[in-house]
Amino acid sequence: MNPALNTQQNNIIKVAAVDFIPAWGDLEGNINRLANAVEDVAKQDIQYAVFPETAVSGYMFSDSTELAPYLDTIPGKTTEAILPILARTGLYISVGIAEKDGLTGLAYNSAVLLGPEGIIGKYRKIGLNSQDQKVFASGNSGVNTFETPVGRIALLICYDDTYWQYARLAALQGAQIIGWHSVSDRMMPNATAAEMLGDHSTVAHVQHMSAFNGLWVICATRSGIETNPITKGQLYYNGGSSIWSPTGHKIAQSPVVSPLELSPGLNGIYCAQISLVDADQQRAYCLAKRRPALYSPTLALHRSPTDINATATQSSVNLVAAQWPVNQTLLASLSVNENELVVLPELSAIPYTTDATVILASAEPQGGSFEQTLISAAQQGKGYIVGSYPEIDTDKIYHTVVLAGPAGEILARYRVTHLSQRDHGWATAGEQFSVTTTPIGRIALAAAHELKILEVGGMYGALRADIIAAPAGEPSSLKVEIDQKLYSVTNPPTGRADYIPYAVATLNQLWVVCGGRQLGDFTAAAIYGPEPVVLTPTIIAEADTTAAQYRTLLPSPYTWINQQRLIDGQAAIWFTPLVQ
């Protein structure tokens, strides 16, 4: 009996992320090495294994002519060699192939899902980076989820994780597992300072696919140095294959290594036992919070390079995330300076509480004492202040975030559109997002808990916000868990920073500023930059201080990507399900 079928009845399967190293331009040899690796994986009673991107060709090709001799079709030589092994062992795998389309002759960066029954489905990479674009056509398969005896599996490839939309589309189709295939590269240590601005490791970005969507994510990448013998160009791959739970926690990872010359073939198998029921429950929890009517049509619109909504003039601004104790409000000591944005903790006029009675006792109408306090401080300091309060409007109460400006007025009010479990006890949901153009940039308003819904940050990225000002409550239990060795900074936020706002900043290429409460050794008060690998660090409030501060330029300094590039690279043609 196929062991996969028996295991699936209990909703527990054993999965693996496989570090496999192809030899550059050796199609036949790599297929043989892959077949041997599949045999070794099957011996470990694994039900589903994920292999890296372009596993039978290598990756670093300078043009389509150079790659052409090493393309394979699907079905083709690779599937012909692998399928008999799967039929004999009961194993399921997905593997990256540089694919030639039999009708058009175009090359695609593809992944194929294979099992004992044959070819189950394939995916052609949509999120192409600059190296991909030298040789591959943009994927035309869309994101699909495939039903198998070992679970509902979606396939993604490497740079796809730069975009939040693709994993979300898989979740909306009921995926339980994402197989992510990568050759996550880094700059060589002797790279110039200018080249280091492009130092980006996609495997350092994968936590979001699980954390926001409630899915198991199996991330296979490779190690070693790849050299193109024609151009002499080199890439080094630092390992870090990993497996992530539906709650966004890392449960397995391969070592992260420095540049090494490694022999082609199997380099490591990294396993975990996973529960498909866990994915179903967590995915349903994540998706239930969405309000698709609020995202239409913005998230499905194509954004051209001439988008006129973006901030055109760069300015210097001091970002401040206020840190208050859980049991206090420091509103009476509020101050701000010129060209400064101060973001207060949520429900800023009272200590942190989940007691609806206490919250309702502080409710007031627009223009009340809370707004007047912010207006007075903003006018006196000639700066900008964001806080939140329970707003009474006739027979309804809203959780309202307000922006006060230097002219002594409320520039924007935002009624929280996605209520937290606590808010549901007293608040009515708002119906509109808020972005305000100011001399220091375009400021979006949200409550920090709303950022758990991917579409909230996505809307603000599409609306070209420079900053999301997001008052927060207590610190989150989900922290950045990405291996510190995948960063190019000396003080990465691993284990200290709340993950959700960190990911929203990077996924949408904007700043997220959260005023928040300190609780024990952790805090929700932090400033999250859009590109934490090189230029824009995460700033977390130190213990027993009243704020975290960081001066920066808005729009953000340019590194390997910025908001314009991010939006230009999106394939909105596939995004309609996000707004349905």
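What counts as what
Residues numbered from 1 in each chain as written. Predicted model: local features only at pLDDT ≥ 70, side-chain atom pairs only at ≥ 80, totals over all residues. Heavy atoms only, no water. Core = buried A, V, L, I, M, F, W, Y, C linked by side-chain atoms within 4.5 Å. Buried < 20%, exposed > 50% of the residue type's maximum accessible area, 1.4 Å probe, protein only. Helix = DSSP H or I, 4+ residues; strand = E, 2+ residues; numbered from the N terminus. Domains from an automatic or database assignment. Pairing = 2+ DSSP bridges. 1 Å grid on protein atoms, 1.4 Å probe; cavity = no way out; pocket = protein on both sides within 12 Å on 5 of 7 lines; lining within 4 Å. Points joined across faces, edges and corners; volume = space filled by probe spheres on them. Nonpolar A, V, L, I, M, F, W, Y, C, P; charged D, E, K, R; others polar. Axes fitted to C-alpha atoms, helices over the stretch in contact; angles between N-to-C directions. Left-handed = near helix turned anticlockwise from the far one by under 90°. Contact = heavy atoms within 4.5 Å. Salt bridge = Lys/Arg side-chain N within 4 Å of Asp/Glu carboxyl O.

Caption draft 1: Here's a closer look at the nonpolar core. Membership of the largest hydrophobic core comes to 129 residues, with the highest contact counts inside it found for Tyr 48, Leu 341, Tyr 460, Ile 468 and Tyr 499. If one sorts the elements of this core by residue count, helix α12 (residues 499-508) sits on top with 7 residues. Viewed by domain, this core spans two of them, domain 1 (12-288) and domain 2 (316-578), each represented by three or more residues. Counting 27 residues, the second largest nonpolar core, distinct from the first, contains Val 41, Phe 51, Ala 55 and Ile 269.

Caption draft 2: Structural detail: the sheet that holds strand β9 (residues 185-186). Read from one edge of the open sheet, 3 strands run β9-β12-β11, paired in antiparallel fashion. Taken across any chain shown, the strands that pair with only one partner, and hence form the sheet edges, are β9 and β11 (223-227). With 2 bridges connecting them, β9 and strand β12 (residues 234-238) associate as antiparallel partners. In the strand pairing of β12, Arg 186 is matched with Tyr 236.

Caption draft 3: Looking closely at the layout of surface pockets. Quantified by volume, the largest pocket comes out at close to 1,100 Å³. The wall of the largest pocket is formed by 39 residues, among which Tyr 285, Lys 289, Ser 420, His 449 and Lys 452 lie closest to the centre. Only α8 (276-287) and α12 provide two or more residues apiece to the lining of the largest pocket. Here the lining of the largest pocket gets 3 residues from one element, more than from any other, and that element is α8. Class assignment of the residues belonging to the lining of the largest pocket gives a composition of 18 nonpolar, 13 polar and 8 charged. Mapping the lining of the largest pocket onto the domain boundaries places at least three of its residues in each of domain 1 (12-288) and domain 2 (316-578).

Caption draft 4: Expanded view of the packing of helix α11 (residues 454-462) against α12. Packing of α11 against α12 leaves a shortest axis separation of 9 Å and a crossing angle of 35°. Handedness of the α11/α12 crossing: right-handed. In this structure, α11 contributes Leu 454, Gly 457, Gly 458 and Gly 461 to the contact, and α12 contributes Val 504, Leu 507 and Asn 508. Of the residues belonging to the contact of α11 with α12, the class tally is 3 nonpolar, 4 polar and no charged.

Caption draft 5: Focus on the pattern of salt bridges. Taken as a whole, this structure holds 23 salt bridges when the rule is applied. Notably, a salt bridge pairs Asp 26 with Arg 33, separated by 3.1 Å at the nearest N-O pair. A residue is classified by how much of its surface remains accessible, and Asp 26, at 25% relative accessible area, is partly exposed. Here Arg 33 falls in the partly exposed class, since its relative accessible area comes to 25%. Glu 53 is the salt-bridge partner of Lys 125, the closest N and O atoms lying 3.1 Å from each other. Here the residue Lys 125 occupies a position in the loop between β5 (118-124) and β6 (145-148), and Glu 53 occupies one in the loop between β2 (48-50) and α3 (64-67), the gap between them amounting to 72 residues. According to the relative accessible area criterion, Glu 53 is buried, its value standing at 1%. Salt bridges sharing common partners tie together Glu 99, Asp 101, Lys 122 and Arg 124.

Caption draft 6: Spatial organisation of the pairing of strand β16 (residues 315-325). Counted residue by residue, β16 has 9 buried out of 11 residues, so it is predominantly covered. With 4 bridges joining them, β16 and strand β17 (residues 340-343) adopt parallel strand pairing. The residue bridging Asn 318 from the neighbouring strand is Glu 340, located in β17. Of the strand pairs in this sheet, β16 and strand β25 (residues 516-519) are connected by 3 bridges, and their pairing is parallel. Bridge pairing links Trp 324 to Arg 517 in β25.

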